[in-house]
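Fold and contact review
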Amino acid sequence: MLREHLKQRVSLLKEEGLYRQRALLDSSTGVEVQIDGTLYLSFSSNDYLGLANHPELISAVQQHVAQYGVGAGSSHLVGGHHREHHLLEEELAAWLGLPRALFFSTGYMANIGVINALVGRNDVLFIDKLNHASLNDAAVLSRAKLSRYQHADYDQLEEQLRTETQARYKFIVSDTVFSMDGDIIDIPKLLALCEQYDAYLILDDAHGLGVLGPEGQGCLAHFQLDLTDEKILNRLIYIGTLGKAAGVFGAFVAGASEWIEYFIQRARTYIYTTATPSALAAALRKSIHLMRTETWRRSHLYQLIARLKKGLHRLENGYFLLPSETAVQALIVGGNHAALTLSAHLKKHHLWVPAIRPPTVPKGQARLRISLSAAHRFEDIDRLTQFIRQFHL
Ligand SMILES: *Cc1c(COP(=O)(O)O)cnc(C)c1O
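So, here is what we can say about the structure in this document.

Reading guide: rules and limits
Residues numbered from 1 in each chain as written. Predicted model: local features only at pLDDT ≥ 70, side-chain atom pairs only at ≥ 80, totals over all residues. Heavy atoms only, no water. 1 Å grid on protein atoms, 1.4 Å probe; cavity = no way out; pocket = protein on both sides within 12 Å on 5 of 7 lines; lining within 4 Å. Points joined across faces, edges and corners; volume = space filled by probe spheres on them. Helix = DSSP H or I, 4+ residues; strand = E, 2+ residues; numbered from the N terminus. Nonpolar A, V, L, I, M, F, W, Y, C, P; charged D, E, K, R; others polar. Patch = residues over 30% accessible without salt bridge, like charges linked within 9 Å, V, L, I, M, F, W, Y side chains within 5 Å. Areas by Shrake-Rupley, 256 points an atom, 1.4 Å probe, with all protein chains shown as cover. Salt bridge = Lys/Arg side-chain N within 4 Å of Asp/Glu carboxyl O. Core = buried A, V, L, I, M, F, W, Y, C linked by side-chain atoms within 4.5 Å. Buried < 20%, exposed > 50% of the residue type's maximum accessible area, 1.4 Å probe, protein only. Contact = heavy atoms within 4.5 Å. Lys, Arg positive; Asp, Glu negative; His and termini not counted. Polar contact = N/O pair within 3.5 Å; in protein donor to acceptor, adjacent residues only side chain to side chain. Pairing = 2+ DSSP bridges. Arc of directions from axis to C-beta.

1. Some details on the layout of surface pockets
Considered as a void within the structure, the largest pocket measures approximately 1,200 Å³ in volume. If you go around the largest pocket, you meet 34 residues; those closest to its centre are Gln21, Ala23, Trp352, Pro354 and Ala355. Mapped by element, the contributors of at least two residues to the lining of the largest pocket are β1 (32-35), α14 (336-348), β12 (351-352) and β13 (355-356). Its residues placed into classes, the lining of the largest pocket shows 14 nonpolar, 12 polar and 8 charged. In the lining of the second largest pocket, the residues fall into 7 nonpolar, 5 polar and 2 charged.

What follows is the structure, encoded as structure tokens:
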């Protein structure tokens, strides 16, 4: 019987240290959280700029809801496209310096919708092996041929592009800042490969947006790309999410207006789903303004990153940080049980740092994923590094 079989599979997960549990949060997200009744200093939120509880975002939602209510009522194409959604799209495009943007309900939905609108059976997707699960799911759903390359291995990618001769269209699909490692992909390099081998580039900047770039515009600004260059606009499809550094919810795709026009017609996860409550669009407009103007949030975050790296340099227990200039800092532990034990040790000292295990990361690379936020203080970092330093199995 299937029920009995599922029960066995779950107990197997427990034996392998792969069982997942949802902790109960009784506070807002942030640096100080109450989980299962206990207070913790948290390093688990993707609210990288500390905006999720910002009073201006809260009041934007309150005012909007008081005037327009809560539910959007229908999908964007059937009467649910509120002026607030529309203004958000215009402000996103202006911020990024790209011609147009289209607001999706989540990053998962955006990736599924965009890739499946563009890509079909006769196309080939070139996929970094560490891409986010939502990009992988989108790729599988597209029925295109999948060509996976080792993480950030540009030579292998080039070899695959060079020898692929049957494809109708070729697409390189990549995270920009890798969600479990924190490293930044070389976008100029990927664009050059697209130009050379007539491919297109689909980027997912979930962890770069808000964190990178002088006004938080993300990875494209980080590499100082000229986004008025038609050569780039011909190749680039840029996806960002708004539930992380932006502190709210949602996602978008941005780029040349031909892409956007086509997605409105053909992206099924845009068309066949209820529009996001427009109050969230109101909060997001506020959030964009804060990301652009409150540059101290990013400067402080960068200082915290530097402090963490210094604090976790050369650990005696053999654990080590992956190289990362972003708010995602991965402390590689190795075994699943070791990662869980370290996470439990920190928890005992009121530090909340999640252990990330396979299949989210490769086997043997279980880790602590330390998420930093502009809301952390220097002494928070010091407390964390001190307890990690003194831990031995
Ligand atoms: C979080 C994340 C997503 C999913 O975005 P949601 O808005 O949470 O659905 C997509 N891609 C990457 C790289 C992510 O980290």
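2. Regarding a nonpolar patch on the surface
There is a patch of nonpolar side chains on the surface, built from Val10, Leu13 and Tyr19 and spanning about 210 Å² of accessible area. Counting through the fold element by element, valine 10 comes out in helix α1 (residues 2-15).

3. A short note on the nonpolar core
The nonpolar side chains of a soluble globular protein tend to be buried with one another. Among the nonpolar cores identified, the biggest contains 117 residues, and Ile172, Leu220, Tyr238, Phe263, Leu331 and Ile370 are the most heavily contacted of them. Contact partners of isoleucine 172, with chain neighbours within four places excluded, come to Phe126, Tyr149, Leu157, Leu161, Leu190, Leu193, Cys194, Tyr200, Leu201 and Ile202.

4. Quick look at the side chain of arginine 298
Its place among the elements puts arginine 298 in helix α13 (residues 296-311). Among buried charged residues, arginine 298 stands out as having no salt bridge; its nearest opposite-charge side chain is glutamate 215, 7.0 Å away. One polar contact links the side chain of arginine 298 to the main-chain carbonyl oxygen of proline 214, over a distance of 3.2 Å. For arginine 298, the residues in contact, after removing those within four places along its chain, are Leu49, Gly210, Val211, Gly213, Pro214, Glu215, Gly216, Met291 and Arg292.

5. Looking at the pairing of strand β5 (residues 145-149)
By the bridge criterion, 5 bridges tie strand β4 (residues 124-128) to β5 in an arrangement that is parallel. Bridging from a neighbouring strand, aspartate 128 pairs with tyrosine 149 of β5.

6. What to know about empty space enclosed by the protein
Under the definition given, this model contains 2 cavities of 30 Å³ or more. His76, Phe103, Phe104, Ser105, Thr269, Tyr270, Thr273, Thr274, Ala275 and Thr276 are the residues that line the largest cavity. Looking at the lining of the largest cavity, the elements with two or more residues in it are β3 (100-104) and α11 (268-271). Split by residue class, the lining of the largest cavity holds 4 nonpolar, 6 polar and no charged. Estimates place the volume of the second largest cavity at around 40 Å³. Around the second largest cavity, the lining residues are Gly30, Val31, Ser42, Phe43, Ser44, Ser45, Asp47, Ser371, Ser373 and His376. Class assignment for the residues of the lining of the second largest cavity results in 2 nonpolar, 7 polar and 1 charged.

7. Notes on helix α10 (residues 257-266)
Listing the buried residues of α10 in full gives Trp259, Ile260, Phe263 and Ile264. Taken around the axis of α10, the buried residues stretch over an arc of 135°, which confines them to a single face. Along α10, the residues that are exposed and aim more than 90 degrees away from the buried face are Glu258 and Arg266.

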